[in-house]
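Architecture at a glance
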Amino acid sequence: STLILWLTFDEDMDILVQDGRVHFWSITDNDATHEPYFVETGESMPSVLPLRQQQELKDMALHTIQALGIQDGCLHFEAKYTPHGPVPLEVNLRMGGGEVYLFNKTIRGVDLVEQCAKIAVGEPLNLLVTPEPRCALATEQFLPERSGHIAAIQINPWVLKQQELVELEFESKEGDYIAAPPAGYDCIGWITAQGTTPKDARAHLKELKKNVTITIQYDQ
């Protein structure tokens, strides 16, 4: 079982389909979820999976879309790559949330909102997709270990001056109550960094995140 876990990767695919034809697809690598409640922790793009495995994921997604009879849409397809190959988890007939829009626009030059609108009105898609990734992005969420009130959010001013910082957003503020699983799935916020490669982006992200301190007064 340990080997299977090590070789299993969580992947998200964003796909543009018009008249039954896939016009665009991209893969985002998901970080390991926080167990035992499968809480999302972060993600990065472009994918570091070998191209053969990425192609297998694309082919599996295409077969699934065809089997479901989906002809048009901006899809968010969640899957796993396992020792036995790609496995579909769910097909969302909508654009993905979180960093999906930012990742695809920044890295591939594809505006999913604009393309989704074109699909909706039947306008042909004429995509100018960046052949090679413009950069790499990585993001992590700020999550509470346990439920409690946010006592303080401290940001080193140095962070805001770094060109590697792409986003630093908070959904909560000081004084807010944050519920952790199983009571709730509140996210305090997230931070996104860029680099020339996914490894580079993750290194910048780690350094930037160290300079953001969130103090929580946990429930007794």
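These lines cover the structure that appears in this document, whether it is placed above or below. None of the values given here were measured: they were computed from a predicted structure.

Focus on the overall build of the chain
Helix and strand counts for the chain come out as six helices and 11 strands. Expected size for 220 residues packed as a compact globule is a radius of gyration near 17 Å; at 19 Å, the chain falls within 12% of this value. A burial count over the chain gives 44% of its 220 residues as buried. Accessible surface, the chain: about 12200 Å² in total, of which carbon and sulfur atoms supply 54%. Of the charged side chains in the chain, 17 are positive and 32 negative, and the gap between their average positions amounts to 5 Å.

Considerations on the pattern of salt bridges
Note on pairing: side chains with opposite charge can pair once their charged atoms come close. Inspection of the entire model under this criterion finds eight salt bridges. Ionic pairing is found between Arg202 and Asp31, a salt bridge with its closest N-O pair at 2.6 Å. One end of the pair, Arg202, is in helix H6 (residues 198-209); the other, Asp31, is in the loop between strand S2 (21-30) and strand S3 (42-45), with 171 residues separating them in the sequence. Its relative accessible area of 29% is what places Arg202 among the partly exposed residues. When its relative accessible area of 15% is taken as the criterion, Asp31 is described as buried. When the shortest N-O distance is used, the salt bridge between Arg52 and Glu56 registers 2.6 Å. Of this pair, Arg52 and Glu56 both sit in helix H2 (residues 51-68), separated by four residues, roughly a single helical turn. Residue classification places Glu56 among the partly exposed residues on the basis of a relative accessible area of 26%.

So, the pairing of S2
The pairing of strand S1 (residues 9-18) with S2 spans eight bridges and is classified as antiparallel. The residue of S2 that forms the bridge with Val17 is Val22. Turn length for the S1-S2 hairpin, with the two strands adjacent in sequence and antiparallel, is two residues, and the turn residue Asp19 shows positive phi of about 55°. As paired elements, S2 and S3 share two bridges and run antiparallel to each other. Among the inter-strand pairings, Asn30 is bridged to a residue of S3, identified as Glu43.

A word on unusual backbone geometry
In this model, Glu35 is joined to Pro36 through a cis peptide bond whose omega is 10°. Mapped onto the secondary structure, Pro36 falls in the loop between S2 and S3. For the bond running from Met45 to Pro46, omega is 10°, close enough to zero to count as cis. One non-glycine residue, Asp19, lies in positive phi territory at about 55°. Considering the arrangement of structural elements, one finds Asp19 in the loop between S1 and S2. Residue Phe38 is not a glycine yet carries a positive backbone phi of 55°. Position of Phe38 among the secondary structure elements: in the loop between S2 and S3.

Focus on the sheet that holds strand S7 (residues 148-155)
The strand order S9-S7-S11 describes an open sheet built from three strands, whose pairing is antiparallel. The open sheet is flanked by strand S9 (177-178) and strand S11 (212-218), the only strands paired with a single partner. With seven bridges connecting them, S7 and S11 associate as antiparallel partners. Bridged to Ile155 within S11 is Val212.

Observations regarding the environment of Leu57
Secondary-structure assignment places Leu57 in helix H2. Overall, Leu57 belongs to the buried group, its relative accessible area being 0%. Ignoring sequence-local partners within four residues, the contact set of Leu57 consists of Glu11, Met13, Ile27, Leu49, Ala79, Lys80, Tyr81 and Pro86.

Some words on the sheet that holds strand S6 (residues 136-142)
The strand order across the open sheet formed by eight strands is S5-S4-S1-S2-S3-S6-S10-S8, and the pairing between neighbours is antiparallel. Of all the strands in the sheet, just strand S5 (85-92) and strand S8 (165-170) have a single pairing partner and so form its edges. Each neighbouring strand pair of the sheet contributes to a mean axis angle of 25°, computed without reference to strand direction. With five bridges joining them, S8 and strand S10 (residues 189-195) adopt antiparallel strand pairing. Within the sheet, the bridge partner assigned to Glu167 lies in S10 and is Thr192. The sheet contacts of helix H4 (residues 112-121) involve S1, S2 and strand S4 (73-82), and relative to S1 the element is tilted by about 40°.

So, how was this worked out
Residues numbered from 1 in each chain as written. Predicted model: local features only at pLDDT ≥ 70, side-chain atom pairs only at ≥ 80, totals over all residues. Heavy atoms only, no water. Helix = DSSP H or I, 4+ residues; strand = E, 2+ residues; numbered from the N terminus. Rg over C-alpha atoms; globule rule 2.2 N^0.38 Å. Buried < 20%, exposed > 50% of the residue type's maximum accessible area, 1.4 Å probe, protein only. Areas by Shrake-Rupley, 256 points an atom, 1.4 Å probe, with all protein chains shown as cover. Lys, Arg positive; Asp, Glu negative; His and termini not counted. Charge placed at Lys NZ, Arg CZ, Asp CG, Glu CD. Salt bridge = Lys/Arg side-chain N within 4 Å of Asp/Glu carboxyl O. Pairing = 2+ DSSP bridges. Contact = heavy atoms within 4.5 Å. Axes fitted to C-alpha atoms, helices over the stretch in contact; angles between N-to-C directions.

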